[in-house]
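Secondary and tertiary structure notes
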Amino acid sequence: MEILQPDLYLPKSAEIIDVTEENSQIKTYILSFIDKEFNDSFAPQPGQFVLLSVPHYGEAPISFSSTPDENGRFHLSVRKAGKLTSALHAMEKGDIVGLRGPYGRPFPMEQFEGKNLLFVAGGIGLAPLCPVINSSLQNGADRCVTLLYGSRTPSDIAFKADIDKWRQHENVTCLLTVDSSEEGWQGEVGLVTGLFGKCSYDPDDTLAIICGPPMMIRAVFAELERQGFSDDNIITTMERHMKCGVGICRHCHMDEKLVCKDGPVFTLSELKKLDVMELRS
Ligand SMILES: Cc1cc2nc3c(=O)[nH]c(=O)nc-3n(C[C@H](O)[C@H](O)[C@H](O)COP(=O)(O)OP(=O)(O)OC[C@H]3O[C@@H](n4cnc5c(N)ncnc54)[C@H](O)[C@@H]3O)c2cc1C
């Protein structure tokens, strides 16, 4: 029988060093653990997540929207969804949250090296892709990076500063769309899949990385398959309600797999072996 570590569910205290408002619903928290030694050894990978706790409100899984910087600070970007995330949104610089992790299978970053990358994201789904995009641009390889990003309205477009920064790179294309326009918006209106026809890449030589709501994932899978992407070259992150985060409670099961341990990152080939709602017609 597996002997569980006694402190498995014990969160570590982290200080909110700063808060950035991405839009009216999403805030990015810049954090650092109080325990400096632990903070120095903390090395989450893109695609991994933490269980974030706010006293009296419980825990929620949140992905890293950055890797730690040279000062050991890392980012979590959080959409106000319910009680816990609303309580977090009321917190400020200097406040303390609990974190346990990092958990989950990260993106296969070594597989991305030197490859053309097509990122497709909706809403807060861009958060876990930020460190992947940043690291693929840092590695400076001569490859094309395309981002297709959908938001509800122009005011809901998050990570604008990151997008502006990425656009300065020569081989980067960022295309944005919104579900409904607002005064002054001159960009695209419509679903993120409508952007596919507005950019070019070679499906045989490109990896597609997707993160967003289930309906978007389903539509994007269908479009990528139609274009001839192989199932192994389509990578996504999956969201399920989660409790323990460490593969014990099985709350986040997706058929026989667990999102917390086997994922949250999966290839389409892996998902096709499971009965998942994102693939049901
Ligand atoms: C691996 C993983 C990574 C995630 N990363 C992020 C992130 O980086 N940023 C972010 O803002 N959110 C992320 N989420 C979603 C986030 O965990 C939920 O929005 C959060 O738990 C809501 O907590 P709450 O108490 O505020 O809302 P609740 O009151 O618990 O719920 C509010 C609404 O959100 C829905 N919801 C709650 N939890 C989930 C979930 N796990 N999956 C789908 N819907 C949910 C509920 O059904 C309800 O409709 C992630 C989820 C997973 C599984």
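Residues numbered from 1 in each chain as written. Predicted model: local features only at pLDDT ≥ 70, side-chain atom pairs only at ≥ 80, totals over all residues. Heavy atoms only, no water.

1. A word on the sheet that holds strand S9 (residues 172–178)
Threshold: At least two DSSP bridges between two strands are required for those strands to pair. Strands are runs of DSSP state E lasting at least 2 residues, helices are runs of H or I lasting at least 4, and numbering of each runs from the N terminus.
With mixed pairing, 7 strands are arranged side by side in an open sheet as S10-S9-S8-S7-S11-S12-S15. One side of each edge strand has no neighbouring strand; the edge strands of this open sheet are strand S10 (188–189) and strand S15 (265–267). Summarising the sheet, strand S7 (residues 116–122) and strand S11 (residues 206–211) pair through 6 bridges and their orientation is parallel. Note that in S11 the partner of Ala 121 across the bridge is Cys 211.

2. Details of the domain arrangement of the chain
Applied cut-off: Source of the domain bounds: an automatic or database domain assignment. Two residues qualify as a contact provided that any one of their heavy atoms is within 4.5 Å of a heavy atom in the partner residue. When two parts are put together, the accessible area they lose, computed with a 1.4 Å probe and summed over both, is reported as buried area. Salt bridge, as applied in this entry: a Lys or Arg side-chain nitrogen positioned within 4 Å of an Asp or Glu carboxyl oxygen. We define a polar contact as two N or O atoms separated by no more than 3.5 Å, with the added condition that, inside protein, one atom must be a possible hydrogen donor and the other a possible acceptor, whereas residues neighbouring each other in sequence contribute only through side-chain atom pairs. We call Asp, Glu, Lys and Arg charged. Ala, Val, Leu, Ile, Met, Phe, Trp, Tyr, Cys and Pro are nonpolar, and the rest, Gly among them, are polar.
You can read the domains of the chain as domain 1 (12–103) and domain 2 (109–279). Taken over C-alpha atoms, the centre of domain 1 sits 22 Å from the centre of domain 2. Between domain 1 and domain 2, the residue contacts involve 20 residues of the former and 22 residues of the latter. Between domain 1 and domain 2 the total buried area reaches about 1500 Å² when both faces are included, carbon and sulfur atoms providing 65% of it. Three residues, Glu 22, Pro 46 and Phe 49, lead the burial of domain 1 against domain 2; their summed loss comes to 28% of the area buried on that side. The interface formed by domain 1 and domain 2 includes 0 salt bridges. Our enumeration of links across domain 1 and domain 2 arrives at 3 residue pairs in polar contact (both at pLDDT 80 or more). Sorting the residues of the side of domain 1 that touches domain 2 by element identifies strand S2 (26–33), strand S3 (49–54), strand S4 (58–63), strand S5 (74–79) and strand S6 (96–103) as the ones contributing at least two each. Grouping the constituent residues of the side of domain 1 that touches domain 2 by class yields 8 nonpolar, 8 polar and 4 charged.

3. Regarding the site of the ligand
Just so we agree on the cut-off: Here a residue is near a molecule or strand as soon as one of its heavy atoms is found within 4 Å of it. Residue burial considers only the protein chains on display, and all accessible areas are found by Shrake-Rupley using a 1.4 Å probe.
Around the ligand, the surrounding shell holds 18 residues, and the nearest of these are Pro 61, Ser 77, Arg 79, Thr 85 and Arg 240. Separating an oxygen atom of the ligand from a backbone N or O atom of Pro 61 is a distance of 2.7 Å. Relative to its free-state accessible area of 860 Å², the ligand is covered by the protein chains to the extent of 72%. Listed by contribution, the elements that provide at least two residues to the shell around the ligand are S4, S5 and helix H2 (83–89).

4. Regarding helix H4 (residues 130–138)
Cut-off, in case you're wondering: Using a 1.4 Å probe on the protein chains alone, a residue whose accessible area is under 20% of its type maximum counts as buried, one over 50% counts as exposed, and one in between counts as partly exposed.
Most of H4 sits inside the fold, with 7 of its 9 residues counted as buried. Among all positions in H4, only Cys 130, Pro 131, Val 132, Ile 133, Ser 135, Ser 136 and Leu 137 are buried.

5. What about the pattern of salt bridges?
Going through the model one piece at a time under the given rule, you end up with 9 salt bridges. Note that Lys 272 is salt-bridged to Glu 225, the shortest N-O span being 2.5 Å. A residue pair is termed long-range when its members are at least 10 positions apart, and Lys 272 in helix H7 (residues 268–272) and Glu 225 in helix H6 (residues 214–227) qualify at 47 residues. Residue Lys 272 is classed as partly exposed on the basis of its relative accessible area, which comes to 41%. Overall, the relative accessible area of 35% leaves Glu 225 in the partly exposed class. One network of salt bridges, in which partners are shared, links Glu 225, Asp 231 and Lys 272.

6. A short note on the nonpolar core
Side chains of nonpolar character tend, in soluble globular proteins, to be buried together. To be explicit about the condition: Buried residues of nine kinds, namely Ala, Val, Leu, Ile, Met, Phe, Trp, Tyr and Cys, make up a nonpolar core once their side-chain atoms join them within 4.5 Å.
Counting 36 residues, the largest nonpolar core has Leu 118, Val 120, Leu 148, Ile 210 and Leu 224 as its most contacted members. Element by element, the count of residues in this core is highest for H6, at 5 residues. For this core, the domains that each give at least three residues are domain 1 (12–103) and domain 2 (109–279). Not counting residues up to four positions away in its chain, the partners in contact with Leu 118 are Thr 146, Leu 148, Phe 196, Tyr 201, Thr 206, Leu 207, Ala 208, Ile 209, Leu 224 and Phe 229. Grouped together as the second largest cluster of nonpolar side chains are 31 residues, Ala 127, Ile 157, Phe 159 and Ile 209 included.

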